[in-house]
Amino acid sequence: EDQVTQSPEALRLQEGESSSLNCSYTVSGLRGLFWYRQDPGKGPEFLFTLYSAGEEKEKERLKATLTKKESFLHITAPKPEDSATYLCAVRNTGFQKLVFGTGTRLLVSP
Amino acid sequence: EAQVTQNPRYLITVTGKKLTVTCSQNMNHEYMSWYRQDPGLGLRQIYYSMNVEVTDKGDVPEGYKVSRKEKRNFPLILESPSPNQTSLYFCASRTGRDGYTFGSGTRLTVV
């Protein structure tokens, strides 16, 4: 069964303090690993899709990387507006769904 | 603006009273899906649709129905809601292998 585990559950950073969020996964035939940002009371907002080990993608202060067992979301010099829950999900060959982790709640203090 | 629109945003209802949550997308996407989000369990798929008149069960379909009569609309129907269906619901659509777009969510409370 496909499974996604995210750590830590919650992370508190000072503004400018860089860190990484982890997403470990097991999947039968990866057809994409997705990162989403979710603000309270809102729907998930798409950030990145990674398809193969070694792939990296960047957007502003965020950088996502992928290995065969896990993905990292690196946050460089975060700002308070980066505070949100970050969700990781995988999609496998043949199944029409995303399997989500339970997310990492990030709080960035000024 | 490309978007997925859900209505209502908030709904409080009583056990057994049929309700429908609407979902509409303006991106001409063929694939649409419903998820529920519960604390500690994350987002779980309820139903999905590959195209008009083609629907299939996700991981937690019990107590729900869907229909896909037009490409843009994918309503979620609870014919006899129960308190364990109290949750935050999201509709999503997708084109190709990428780009899942989620709606803003419907917070449902069943008392």
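Criteria and thresholds
- Residues numbered from 1 in each chain as written.
- Chains lettered and ligands numbered in written order.
- Predicted model: local features only at pLDDT ≥ 70, side-chain atom pairs only at ≥ 80, totals over all residues.
- Heavy atoms only, no water.
- Helix = DSSP H or I, 4+ residues; strand = E, 2+ residues; numbered from the N terminus.
- Contact = heavy atoms within 4.5 Å.
- Buried area = accessible area lost by both parts, 1.4 Å probe.
- Salt bridge = Lys/Arg side-chain N within 4 Å of Asp/Glu carboxyl O.
- Nonpolar A, V, L, I, M, F, W, Y, C, P; charged D, E, K, R; others polar.

A. Spotlight on unusual backbone geometry. The amide bond that connects S7(A) to the next residue, P8(A), takes the cis arrangement and shows omega of -10°. Summarising the element assignment, P8(A) is placed in the loop between strand 1 (3-7) and strand 2 (10-14). Look at the link from N7(B) to P8(B): it is a cis peptide, with omega at -5°. Inspection of the secondary structure puts P8(B) in the loop between strand 1 (4-7) and strand 2 (10-13).

B. View of the interface of chain B and chain A. Taken together, the contacts link 21 residues of chain B with 18 residues of chain A. When the two sides are added together, the surface that chain B and chain A hide from each other amounts to roughly 1,700 Å², 50% of it contributed by carbon and sulfur. Taken together, the connections running from chain B to chain A amount to one salt bridge. For D59(B), the salt bridge goes to K97(A), with nearest N and O atoms at 2.5 Å. If one sorts the elements of the side of chain B that touches chain A by residue count, strand 5 (residues 42-51) of chain B sits on top with five residues. In terms of residue class, the side of chain B that touches chain A is made up of nine nonpolar, seven polar and five charged.

By themselves, these are just geometric observations and shouldn't be taken as functional.
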